[in-house]
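# Coordinate analysis (summary)
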Amino acid sequence: MSVSKLVRLVFIASASVLVLGAVLASAASAQVDDEDLGSDDQVVLTGRLSVPEGTTTGIAVIFNGPATIAGTVTETLVVFNGRTEISGTVEGDVVVFNGDVLVRSGAVIGGDLVTRQTPQIEDGATVRGDTLGIESRLRWQMRFLARFVWWVGYTFSTLLLGFLLLWLAPSLDAAGIRAVRERMGAAIGMGAAAFFLLPLAAVLFLVVVVAIPLGIFLLLALALLYTVGYVVGAHAIGRALVKPPSGRFVAFLAGWVLVRLVGLIPIVGSIAWLLVTIFGLGVLWVAMRRAPETTAPVAAPLPPAPA
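This is a predicted model, so every value here is computed, not measured.

The rules behind these values
- Residues numbered from 1 in each chain as written.
- Predicted model: local features only at pLDDT ≥ 70, side-chain atom pairs only at ≥ 80, totals over all residues.
- Heavy atoms only, no water.
- Helix = DSSP H or I, 4+ residues; strand = E, 2+ residues; numbered from the N terminus.
- Buried < 20%, exposed > 50% of the residue type's maximum accessible area, 1.4 Å probe, protein only.
- Contact = heavy atoms within 4.5 Å.
- Areas by Shrake-Rupley, 256 points an atom, 1.4 Å probe, with all protein chains shown as cover.
- Pairing = 2+ DSSP bridges.
- Phe/Tyr/Trp six-rings, centres within 6.5 Å; stacked < 30°, edge-to-face > 60°.
- Polar contact = N/O pair within 3.5 Å; in protein donor to acceptor, adjacent residues only side chain to side chain.
- Axes fitted to C-alpha atoms, helices over the stretch in contact; angles between N-to-C directions.
- Parallel < 35°, antiparallel > 145°, perpendicular 65-115°, else oblique.
- Left-handed = near helix turned anticlockwise from the far one by under 90°.
- Nonpolar A, V, L, I, M, F, W, Y, C, P; charged D, E, K, R; others polar.

Before going further, it helps to spend a moment on the overall build of the chain. Helix and strand content of the chain: seven helices and 17 strands. Within the chain, buried positions represent 37% of all 307 residues. Expressed as a percentage of contacts within the chain between residues at least 6 apart in sequence, the contacts between residues at least 24 apart total 35%. For the chain, the accessible surface area stands at approximately 17,500 Å², while carbon and sulfur atoms represent 68% of it.

Next comes the structure, spelled out in structure tokens:
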């Protein structure tokens, strides 16, 4: 189901609930047919939803009562409580929260068939999408929503942390340049060592009774340390793309946008996070080991000549 269809469906359902509250005291059956909901849409509060053969409707929703589809539903069919019988065509998804579902021979469902009870699908019926349980569909959607919410929160958190780090420690910009140009291998190696050995050290501390607090503190600090490494790695990647004299904040934005967009891709985003974090931890190691000064020592002043 597309986002636009989902928004439209939510709008129709919300409007229908409002109508239900207004007419419940005076009518036992009502059907919403409002131009704002789409002239081809049908919303039945309680009663029967019917699309006869040879007729076409858009979104079809019924809250309580049976649904009989012998014609064509061009978008989504949603039944909250009632028996559903389809002998025609539903070009979108069919979602039945409660009630038996019968898909007759010759019927066509262009999207997914999502039901609570096991649907009865006769031979000759076509379901082009997946046949799913309500719990499976909701569980997948909740996982997707939770992942997206986390991505948004982590994106803005790393943006703020990156600006803060570059403001407090501008030398990270030069360290990123050195790591990319001169010490790439060392940075990756030290970053990988820090990424994998620090958790191991924390576990070893937990084994030693007197070092348990240190192990706990180290485990708690790893999340922040890895995030700092990720931010620094994003800046170093951005600096490799945006050369001086462009400012360090511009370089960070370039790298940050790139790695966060890659982070949207399942599996690939997780692998990218690991690699960027390891490289960022290596850049921090380069920053701590500043290049030795090459200026010549200043000679001691000669004693004044005797008068």
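Additional details are given in the paragraphs that follow.
Consecutive residues of a regular strand have side chains that alternate between opposite faces of the sheet. Within strand S2 (residues 42-46), four of the five residues are buried, which leaves it mostly tucked inside the rest of the structure. Relative to strand S5 (residues 60-64), S2 runs parallel, the two sharing four bridges. Each bridged residue has a counterpart across the sheet, and for Gln 42 the counterpart in S5 is Ala 60.

Taken as a whole and judged by the stated rule, the model has twelve aromatic pairs. A centroid spacing of 5.7 Å and a plane angle of 55 degrees characterise the contact between Tyr 154 and Tyr 230, whose relative ring orientation is tilted. With Tyr 154 in helix H2 (residues 134-168) and Tyr 230 in helix H5 (residues 212-241), the pair connects residues that are 76 residues apart, well separated along the chain. The class for Tyr 154 is buried, based on a relative accessible area of 12%. Judged by centre distance (4.4 Å) and plane angle (20 degrees), the rings of Phe 195 and Tyr 226 are stacked. Highlighted residues: Phe 195 in helix H4 (residues 184-207) and Tyr 226 in helix H5, separated in sequence by 31 residues. In this pair, the class of Phe 195 matches that of Tyr 226, namely buried. Among the aromatic residues, those joined into a ring-pair cluster are Trp 150, Tyr 154, Phe 195, Phe 196, Tyr 226, Tyr 230 and Trp 273.

Now for the environment of Asp 173. Its place among the elements puts Asp 173 in helix H3 (residues 171-181). For the pair Asp 173 and Val 283, spaced 110 residues apart in sequence, the C-alpha separation works out to 9.7 Å. Setting aside anything within four residues of it in sequence, one finds Asp 173 in contact with His 235, Arg 239 and Arg 248. A distance of 3.0 Å separates polar atoms of two side chains, one belonging to Asp 173 and the other to Arg 239.

Between H4 and H5, whose axes approach to 7 Å, the crossing angle comes to 155 degrees. One way to sum up the angle between H4 and H5 is to call them roughly antiparallel. At the point where H4 passes H5, the crossing takes the left-handed sense. Of H5, the residues touching H4 (which contributes Phe 195, Leu 198, Pro 199, Ala 201, Ala 202, Phe 205 and Leu 206) are Ile 212, Leu 214, Gly 215, Ile 216, Leu 218, Leu 219, Leu 222, Leu 225 and Tyr 226. Looking at the contact of H4 with H5 residue by residue, the classes come out as 15 nonpolar, one polar and no charged.

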